[in-house]
Amino acid sequence: MKEAEQVQSGVDSLDILLKGGFPIHTVNLVSGPPGSGRSLLCMQFVYYGVEKHDEPGLYITLEQNHPSLVKAMKSFGMRPEIYEEEGDLTLADLGWFSKELGPASEAPGGLAGMDILRERGRQNRVDMEWLKGDSDAREELEQGYVGFRTIREVVDHMVEKGGIKRLAVDSVAAIGLLSGSSEQFRKELFSFGRFLRDRKLTTLLVTEGVGPTSAVRFGVEHFLADTHICLNLRNLKGEFLRTITVQKMRFGTHDTGVHPFMITPRGMEINTREFVKF
């Protein structure tokens, strides 16, 4: 695979396992339990895409607010405020939508609710220009539900406005928990994957890993993915060990071992020379 056809991950040691990086314009999955480093990997992917490769990026979070995300990035030596100000990096907190317009909210529905949403968006540093006219996301949002239609609207707007090349969505598991059925989630997830490939984005999607093998939360996410990065926490004699495995990768070869990694002040660092055996 030519170097120009790959996108570096933002973690040098992971690029070694990937033989150069993620294939360009692909949809890639990061799975693992809480505390395994999923969000950190996505932060590094989007941030260093901007800083090192001049590739505008969008990080969509459904689980952290904007100040918390910025604080986390700064703790690893990143300076997101610089690139946010320049317009090359967008950290979009969409999780607060559910609180504003969900069943427990006292906000009015319909157009009045959308007006409140736009105002709250400005307060939460979210560009709400995408929410105009007959938005496909309106039905989801009026039900207090942030789903794939809403994210598609945001992504389309940022492709057109900001020319984004890299995208991270943290997490699709948060969407799946609110889906009407597993079949509906599967259908919408695969449609979302086709949408991302059509927009020629290189994407990381986060999901939960459950059980000792860190199986994906809904049992279907890995079928969509071109590359699947599996993070795990292993309890070895009372001490947790973080591990990483590239479980699959289309369009190229990859390392197949289970490797230990550490979370350092500089971010994720993988020991590519050491293998973990169980």
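Summary of the structure given here. Owing to the predicted nature of the structure, the values given are computational and were not obtained by experimental measurement.

### Structural notes on the pairing of strand β3 (residues 27–32)
- Counting buried positions along β3 yields six of six residues, so the element is predominantly enclosed.
- Residues of β3 alternate between two faces, with V27, L29 and S31 on one and N28, V30 and G32 on the opposite face, all of them buried.
- Examined bridge by bridge, β3 and strand β7 (residues 202–210) share six bridges and lie parallel to one another. Paired with V27 across the two strands is T203, which belongs to β7.
- Of the strand pairs in this sheet, β3 and strand β9 (residues 227–236) are connected by four bridges, and their pairing is parallel. Bridged to L29 within β9 is H228.

### Considerations on the environment of V70
- By the secondary structure assignment, V70 is in helix α3 (residues 66–74).
- A residue is classified by how much of its surface remains accessible, and V70, at 11% relative accessible area, is buried.
- Setting aside anything within four residues of it in sequence, one finds V70 in contact with P80, E84 and L91.

### Digging into the side chain of T227
- Tracing the backbone shows T227 in strand β9.
- Excluding its chain neighbours within four sequence positions, the residues that come into contact with T227 are L18, F22, P23, V27, N28, L29, V246, K248 and M249.

### Details of helix α2 (residues 38–53)
- Its 16 residues place the ends of α2 22 Å apart at the C-alpha level, agreeing with the 22 Å of an ideal helix rising 1.5 Å per residue.
- Listing the buried residues of α2 in full gives R38, L40, L41, C42, M43, Q44, F45, V46, Y47, Y48, G49 and V50.
- The first or second residue beyond α2 is D54, which carries a positive phi of 55 degrees.

### A few points about the layout of surface pockets
- One number sums up the size of the largest pocket: a volume of about 320 Å³.
- Along the walls of the largest pocket sit 16 residues, with L89, T90, D127, M158 and K161 positioned nearest its centre.
- Elements represented by at least two residues in the lining of the largest pocket include exactly β5 (89–93) and α8 (148–162).
- Per-class residue counts for the lining of the largest pocket are eight nonpolar, four polar and four charged.

### Observations regarding the packing of aromatic side chains
- Per the counting criterion, the structure on display carries seven aromatic pairs.
- A centroid spacing of 5.0 Å and a plane angle of 85 degrees characterise the contact between Y47 and Y48, whose relative ring orientation is edge-to-face.
- The exposure class assigned to Y47 is buried, which follows from its relative accessible area of 0%.
- Look at Y48 and you get buried, because its relative accessible area is 12%.
- Taken together, F148, F185, F192, F195 and F218 form an aromatic cluster joined through their ring pairs.
- Its guanidinium or amino end placed over the ring of Y48, K52 lies 4.9 Å from that ring's centre, counting from NZ or CZ.
- Directly above the aromatic system of F218 lies the positively charged group of R217, at a separation of 5.1 Å from the ring centroid.

### So, the side chain of Q64
- Structurally, the position occupied by Q64 is in the loop between β4 (57–61) and α3.
- For Q64, the side chain forms a polar contact with the side chain of S68, separated by 3.2 Å.

### Some remarks on the packing of α8 against helix α10 (residues 182–198)
- Relative orientation of the contacting elements α8 and α10 amounts to 10 degrees, with a least axis distance of 10 Å. With respect to α10, the element α8 is oriented roughly parallel. Across from F148, I151, R152, V155 and D156 in α8, the residues of α10 making contact are F185, E188, L189, S191, F192 and F195.
- Of the residues belonging to the contact of α8 with α10, the class tally is seven nonpolar, one polar and three charged.

### Some details on unusual backbone geometry
- The linkage connecting D170 with the following residue, S171, adopts the cis geometry, with an omega of 10 degrees.
- For S171, the position within the fold is in the loop between β6 (166–170) and α9 (172–176).
- Of note, the phi angle at K19 is positive, near 60 degrees, even though the residue is not glycine.
- Along the chain, K19 falls in the loop between α1 (12–17) and β2 (22–23).
- Residue K19 is classed as partly exposed on the basis of its relative accessible area, which comes to 49%.
- Not every positive phi belongs to a glycine, and F251 is a case in point at roughly 70 degrees.
- Within the element layout of this structure, F251 appears in the loop between β10 (239–249) and β11 (259–264).
- Relative accessible area serves as the criterion here: at 56%, F251 is assigned to the exposed category.

What counts, and where the lines are drawn
- Residues numbered from 1 in each chain as written.
- Predicted model: local features only at pLDDT ≥ 70, side-chain atom pairs only at ≥ 80, totals over all residues.
- Heavy atoms only, no water.
- Buried < 20%, exposed > 50% of the residue type's maximum accessible area, 1.4 Å probe, protein only.
- Helix = DSSP H or I, 4+ residues; strand = E, 2+ residues; numbered from the N terminus.
- Pairing = 2+ DSSP bridges.
- Contact = heavy atoms within 4.5 Å.
- Expected span 1.5 Å × (residues − 1).
- 1 Å grid on protein atoms, 1.4 Å probe; cavity = no way out; pocket = protein on both sides within 12 Å on 5 of 7 lines; lining within 4 Å.
- Points joined across faces, edges and corners; volume = space filled by probe spheres on them.
- Nonpolar A, V, L, I, M, F, W, Y, C, P; charged D, E, K, R; others polar.
- Phe/Tyr/Trp six-rings, centres within 6.5 Å; stacked < 30°, edge-to-face > 60°.
- Lys NZ or Arg CZ within 6 Å of the ring centre and 35° of its normal.
- Polar contact = N/O pair within 3.5 Å; in protein donor to acceptor, adjacent residues only side chain to side chain.
- Axes fitted to C-alpha atoms, helices over the stretch in contact; angles between N-to-C directions.
- Parallel < 35°, antiparallel > 145°, perpendicular 65-115°, else oblique.

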